[in-house]
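These are the residues of each chain, in order.
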Amino acid sequence: VDMYAKCGSLEEARKVFDKLPNRTVVSWCAMIAGYAWCGNYRLAVQCLEDMRQQGLRPVDVTFTSILSACSHAGLVDEGRRFFKSMMEEHGITPGVEHYNCMVDLLSRAGHLNEAENLLQTVQPDIIGWTSLLTACRTYGNVELGRRCFEQVVQLDPNSAGAYVLMSNIYANACMWEDANKIEELRKCVGAWKKPGRAWIEVNNKVHEFVVGDKNHPQRDEIDAKLKMLNKQIKEGGYMPQLDLVLRPMPDEDKEDALCGHCEKLAVAFGLVSTPRDRIIRATKNLRVCGDCHNATKIISKIERREIIISDAYRIHHFKDGACSCGDYF
C-alpha cells in the first residue's frame, strides 16, 4: 500500500488495501498517508471516518497525515479543527511533527504571524522554521524571513537551504548587496547547495539527471524534444517564469537555464523512450519548481500523457493540462 501510494498509484494502493484480510491501524494509516501525500484531502478524511467506523482509534501518526492533507489543500479551518480534536476528543498530545504540519499549513496559506507565534510556543525545530522561511520567500516578507533565517542557522549553521532561501528573498526584493552577503556567508561556513536531481526508470534501468545535464547518451534526442516542446507549450499558453532565475543574464539565457532543469530533462527522456500509453513517472530530490510545474501541465495535454512527479514534499499527477495539486504547492 505504502509503495504504490508513494509512486502516485493510488488506485493500485487501494486495490491492495481492499484485499487485506485484516486491516490494522498501520494499514489504515498507510492509506490515509497515501491520500495525503497525493493531496486528496477528501479521501484522506473519508478513510479516517471509515477507520473509526471499524472500531479503530486514530493514533498520532494518523493526525500527522490528516494535517498534512489539510496543508497540501490549503484548508486552514479544517486543519485547526483536527488539531483541536486530536487533543480534546482523542487525548493525543501534539508532537513536534504535528506542530510542524500546522506551521506548514499556516505558512502556505499566508498566515505568517500566526505560524511564527505557534513556533515560539514549542521547542525550536528546524523543519518548522524552514517552512516559514520558505513562505517568506513566497510572500516576500523580508523582515520575518530574517528572523526565520537566524533561527534556522542557530539550529544548523550548515543548512544550505536556509542561505539559498534568504538570498532569494533579498534578490526578489532587489536587495542585491544583502543577497550577495548571504551567498558569501554560505560559502564561508561551507554550506554547499544540494544540486537538483531527477530520476526516471525506463526498461528496468534508472536514469539520473542533474540541472543542465549534458552527459546522457541520448542528450541530443532529449534536447531536440525539449526544443520542440518549448515551442508547442508556448503556443498552448506557457510563459517562462524568468524571475525564478536570479542570476543577472539576458532573458534568452534565463529561458535556456529553465529548459535545463532536471525534471524537464527526465520528462523529455520519458517521452522519447516509452510507449505513448505508458505513464511517465519521475522523482526529484527537491521541491518541483513553479516553471517546470506549469510547463509539465501543458506537456501532459499536448502529448496526451499522464505524468507523475514525486518531489521532496508531495506527488504531482499531471493529466489533460491540470495537476492533482490544484496549483497549490
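Quick look at the structure, then. (Residues numbered from 1 in each chain as written. Predicted model: local features only at pLDDT ≥ 70, side-chain atom pairs only at ≥ 80, totals over all residues. Heavy atoms only, no water.)

1. Digging into helix H13 (residues 219-235)
With 17 residues, H13 ought to run about 24 Å at 1.5 Å a step, and its terminal C-alpha atoms sit 24 Å apart, in line with that. Listed as buried for H13 are Arg219, Ile222, Lys225, Leu226, Leu229, Asn230 and Ile233. Taken end-on, H13 shows its buried residues confined to a sector of 145 degrees, consistent with a single buried face. Facing away from the buried surface of H13 by more than 90 degrees, the exposed residues are Asp220, Lys227, Lys231 and Glu235. Phi turns positive, to about 110 degrees, at glycine 237, one or two residues after H13. (Helix = DSSP H or I, 4+ residues; strand = E, 2+ residues; numbered from the N terminus. Expected span 1.5 Å × (residues − 1). Buried < 20%, exposed > 50% of the residue type's maximum accessible area, 1.4 Å probe, protein only. Arc of directions from axis to C-beta.)

2. Some remarks on the pattern of salt bridges
Inspection of the entire model under this criterion finds 20 salt bridges. Lysine 6 is paired through a salt bridge with aspartate 2; the nearest N and O atoms lie 3.3 Å apart. Taken as a pair, lysine 6 and aspartate 2 lie in helix H1 (residues 2-6) at a separation of 4 residues, close to a single helical turn. Take aspartate 2: its relative accessible area is 37%, and that puts it in the partly exposed class. Where salt bridges share partners, they join Arg14, Asp18 and Arg23 into one cluster. (Salt bridge = Lys/Arg side-chain N within 4 Å of Asp/Glu carboxyl O.)

3. A few points about unusual backbone geometry
In the Ramachandran plot, asparagine 204 falls in the positive-phi region, its phi being about 65 degrees despite a non-glycine side chain. Counting through the fold element by element, asparagine 204 comes out in the loop between strand S1 (197-202) and strand S2 (205-210). The exposed category is assigned to asparagine 204, whose relative accessible area is 75%.

4. Observations concerning the pairing of strand S5 (residues 315-319)
With 4 bridges connecting them, strand S4 (residues 307-310) and S5 associate as antiparallel partners. Following the sheet pairing, isoleucine 308 is matched in S5 by histidine 317. Examined bridge by bridge, S5 and strand S6 (residues 322-323) share 2 bridges and lie antiparallel to one another. Across the sheet, residue lysine 319 finds its bridge partner in S6, namely alanine 322. Counting the residues between successive antiparallel strands, the hairpin from S5 to S6 contains 2 residues, one of them, aspartate 320, with a positive phi of roughly 55 degrees. (Pairing = 2+ DSSP bridges.)

5. So, the packing of aromatic side chains
Enumeration according to the criterion identifies 4 aromatic pairs in this entry. Ring centres of phenylalanine 17 and tryptophan 28 lie 4.9 Å apart, and the angle between their planes is 75 degrees; on these two criteria the pair is classed as edge-to-face. Here tryptophan 28 lies in helix H3 (residues 25-37) and phenylalanine 17 lies in helix H2 (residues 10-19), a separation of 11 residues in the sequence. Each member of the pair, phenylalanine 17 as well as tryptophan 28, is classed as buried. Judged by centre distance (5.4 Å) and plane angle (70 degrees), the ring pair of phenylalanine 83 and tyrosine 99 falls under edge-to-face. (Phe/Tyr/Trp six-rings, centres within 6.5 Å; stacked < 30°, edge-to-face > 60°.)

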